[in-house]
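Coordinates in review
Spelled out from the first residue to the last, the chains are:
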Amino acid sequence: GYGTGEHPPGITDPGVASYEVAHTILKAHAKVWHLYNDKYRSQQLGKVGLVLNSDWAEPNTPASSEDVRASERYLQFMLGWFAHPIFVDGDYPEILKAQIQAVNQHCSTTVAQLPVFTEEEKSWVKGTADFFGLSHYTSRLVSAGADGTCAPGYESIGNFSLHVDPSWPQAASSWVHVVPWGLRRLLKFVSQEYTGTEIPIYIAGNGVPTGDTGDLINDTLRVDYFRQYINEALKAVKHDAVDVRSYIARSLVDGFEGPLGYSLKFGLHHVDFEDSNRARTPKASAYFYSSVIEKNGFPS
């Protein structure tokens, strides 16, 4: 909304406005968490957290130290930007702050401007989540950027370049490629970086879009996606000792997907938007997902 301008209010200002908005969101979240903690928790025994979206970032060339550092920057720019203040120390990641400073110095102008937390705000923001909500859809290969572009943009500010492996299956949307192992690696990263054994992780959104042509009910791509991604989450629990408490599919029904309207389908149920009653029909993925829930595991 304030970075790429794809969503309302349609402002394209990744260097300044997006950081100011994020800063306000973090402080507003902390205020609500403290309100609940002070006035309502003792009676309601509820939990307050937030859901953060992140890709997994894999170095394009694992043997390249520059690509390894670039992938770390991508994760900090996408996830650490919000997660680090809340789950670590109340402030932005050092990698984020150092990179923005380096870009501004290199360009001799303010390409990006990261707001500063006061010491009081750091204490106020730190620890304001009872769980880590994670939404995840895809992964990226990341390489070091050209290190010379001064135009404001996430890739130029972060000095990284994003790629996909041509062998990764592509969904109906160009930004979603099916990379199941990326979820396991991301969960392990979140556990090591933010949650440890004290804060549970809820996978609060995972899924794949299909198009509005062809067989809209027998969505085998989504069934395969769910099977593979749920299996990787299970590996993170069983083999990596990550405290994942839930897996939640992106959407129960097809809906309105922002600028793309109704052309992308994320739902477990097809919705006929030409019908005034909005008739809903379970897809193959609905039966698969309900079977996983019923059996608490994969159907044989």
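For every chain, the first residue of the written sequence is number 1, and numbering continues from 1 along that sequence. Reporting of local features is limited, given that this is a predicted model, to residues whose pLDDT is at least 70; pairs of side-chain atoms are given and counted only at 80 or more, and all residues count toward the totals for whole chains, interfaces and linings. The basis for the side-chain values is all heavy atoms of the structure; hydrogens and waters are excluded.

Looking up the protein chain in an unreviewed UniProt entry gives the name Lactase-phlorizin hydrolase, with the organism given as Manacus vitellinus. In UniProt, the protein chain has this text filed under Sequence similarities (unreviewed entry): "Belongs to the glycosyl hydrolase 1 family." UniProt positions are given in the numbering used here, feature names are shortened, and annotations may be inferred rather than shown by experiment.

1. Quick look at the state of the cysteines
We call a pair of cysteine sulfur atoms a disulfide when they lie within 2.5 Å. The full count for this structure, using the stated rule, is one disulfide. Through a disulfide, Cys107 is tied to Cys150; the S-S separation comes to 2.0 Å. On the sign convention where negative means left-handed, the S-S torsion of about -95° between Cys107 and Cys150 marks this disulfide as left-handed. With Cys107 in helix H4 (residues 94-107) and Cys150 in the loop between strand E4 (139-144) and helix H6 (154-158), this pair connects stretches of sequence that are 43 residues apart. Overall, Cys107 belongs to the buried group, its relative accessible area being 13%. Numbering of helices and strands runs from the N terminus, with a helix taken as a DSSP run of H or I at least four residues long and a strand as a DSSP run of E at least two residues long. Accessible area is worked out with a 1.4 Å probe on protein chains only. A residue is then buried under 20% of its type maximum, exposed over 50%, and partly exposed in between.

2. Points about the pattern of salt bridges
Salt bridge criterion: a side-chain nitrogen from Lys or Arg within 4 Å of a carboxyl oxygen from Asp or Glu. In total, this model carries 14 salt bridges according to the counting rule given. Residues Arg41 and Asp130 are paired through a salt bridge, measuring 3.0 Å at the closest nitrogen-oxygen approach. You can see Arg41 sitting in helix H2 (residues 41-44) and its partner Asp130 sitting in the loop between helix H5 (119-125) and strand E3 (132-135), a full 89 residues away along the chain. Between Arg184 and Asp240 there is a salt bridge, and its shortest N-O distance comes to 2.8 Å.

3. Notes on the sheet that holds E3
With parallel pairing, four strands are arranged side by side in an open sheet as E1-E3-E6-E7. Here the strands that pair on one side only, and so sit at the sheet edges, are strand E1 (50-53) and strand E7 (244-249). The mean inter-strand angle of the sheet, taken between neighbouring strand axes irrespective of direction, is 25°. Here, strands pair whenever DSSP counts at least two bridges between them. Pairing analysis gives four bridges linking strand E6 (residues 201-206) to E7, with the strands arranged parallel. Across the sheet, residue Tyr202 finds its bridge partner in E7, namely Ser246. Packed onto the sheet, helix H3 (residues 65-89) meets E1 and E3 and runs at close to 150° relative to E1. Every axis corresponds to a line fitted to the C-alpha atoms, with the helix fit spanning only the stretch in contact, and the corresponding angles, defined between N-to-C directions, vary from 0 to 180 degrees. Whether two residues touch is decided by their heavy atoms; if any such pair falls within 4.5 Å, the residues are in contact.

4. Some points on the environment of Ala233
As for its position among the elements, Ala233 is in helix H8 (residues 220-238). A relative accessible area of 7% means that Ala233 is categorised as buried. Between the C-alpha atoms of Ala233 and Tyr247, which are 14 residues apart in sequence, the distance is 8.2 Å. Apart from residues no more than four positions distant in its own chain, Ala233 is found in contact with Leu183, Leu187 and Ile203.

5. Quick look at a nonpolar patch on the surface
Nonpolar side chains (Val, Leu, Ile, Met, Phe, Trp, Tyr) are joined into patches within 5 Å and like charges within 9 Å, using only residues with over 30% relative accessible area and no salt bridge. Areas reported here follow the Shrake-Rupley algorithm with a probe of radius 1.4 Å; residue values treat only the protein chains shown as occluding. Taken together, the side chains of Leu234, Val237 and Phe298 define a hydrophobic patch exposed on the protein surface, amounting to about 210 Å² of accessible area. Within the secondary structure, Val237 sits in helix H8.

6. Considering the nonpolar core
Nonpolar side chains tend to gather and get buried jointly when the protein is soluble and globular. Only buried residues count toward a nonpolar core. Its members are Ala, Val, Leu, Ile, Met, Phe, Trp, Tyr and Cys residues joined through side-chain atoms within 4.5 Å. With 68 residues, the main nonpolar core has Tyr19, Leu79, Phe87, Phe132 and Leu187 as its most contacted residues. Among the elements that make up this core, the one with the highest residue count is H3 (10 residues). Residues within four places of Phe87 in sequence aside, it is in contact with Leu50, Ala129, Phe131, Phe132, Tyr194 and Ile199.

7. Digging into H3
Taking 1.5 Å of rise per residue, the 25 residues of H3 would be expected to cover 36 Å, yet its terminal C-alpha atoms sit only 27 Å apart, more than 12% below that figure. Its maximal kink placed at Gly80, H3 deviates by approximately 70°. Multiplying one less than the number of residues by 1.5 Å gives the expected span of a helix. To get the bend at a residue, fit one axis to the 7 residues ending there and another to the 7 starting there, then take the angle between the axes.

8. So, unusual backbone geometry
With an omega of 5°, the peptide bond running from Pro8 to Pro9 counts as cis. On the secondary structure map, Pro9 appears in the segment before helix H1 (17-39). In the Ramachandran plot, Leu45 falls in the positive-phi region, its phi being about 60° despite a non-glycine side chain. On the secondary structure map, Leu45 appears in the loop between H2 and E1. Leu45 gets classed as exposed once you look at its relative accessible area, which sits at 68%. With a phi close to 60°, Ala241 is a non-glycine residue in the positive phi region. Relative to the elements of secondary structure, Ala241 occurs in the loop between H8 and E7.

9. Describing H1
In this model H1 runs 33 Å from its N-terminal to its C-terminal C-alpha over 23 residues, within 8% of the 33 Å that 1.5 Å per residue would give. Inspection of H1 places Ala17, Ser18, Tyr19, Ala22, His23, Leu26, His29, Ala30, Trp33, His34 and Tyr36 among the buried residues, and these make up the whole buried set. Where H1 is buried, its residues touch H2, E1, H3, H4, H5 and H6.

10. Notes on the packing of aromatic side chains
Stacked, tilted and edge-to-face are the three classes assigned to paired rings of Phe, Tyr and Trp, where Trp is represented by its six-membered ring and a pair needs centres within 6.5 Å; plane angles under 30 degrees give stacked, over 60 edge-to-face, the rest tilted. On inspection of all chains with the given rule, the structure shows 23 aromatic pairs. Look at Phe77 and Phe160: their rings are 5.9 Å apart centre to centre, the planes differ by 80°, and that puts the pair in the edge-to-face class. With Phe77 in helix H3 and Phe160 in strand E5 (residues 160-163), this residue pair connects regions lying 83 residues apart in the sequence. Residue classification places Phe160 among the buried residues on the basis of a relative accessible area of 4%. Taking the centre distance of 5.8 Å and the plane angle of 25° together, the rings of Phe132 and Tyr194 count as stacked. Taken together, the residues span a long stretch of sequence, with Phe132 in strand E3 and Tyr194 in helix H7 (residues 180-195) at a distance of 62 residues. An identical accessibility class is assigned to Phe132 and Tyr194; each is buried. A connected cluster of aromatic rings, assembled from ring pairs, spans Trp56, Phe87, Phe132, Phe189 and Tyr194. The ring of Phe266 has Arg250 sitting right over it, with the charged end atom 3.9 Å from the ring centre. Placement of a positive charge over a ring is assigned whenever Lys NZ or Arg CZ falls within 6 Å of the ring centre and within 35 degrees of the normal to the ring plane.

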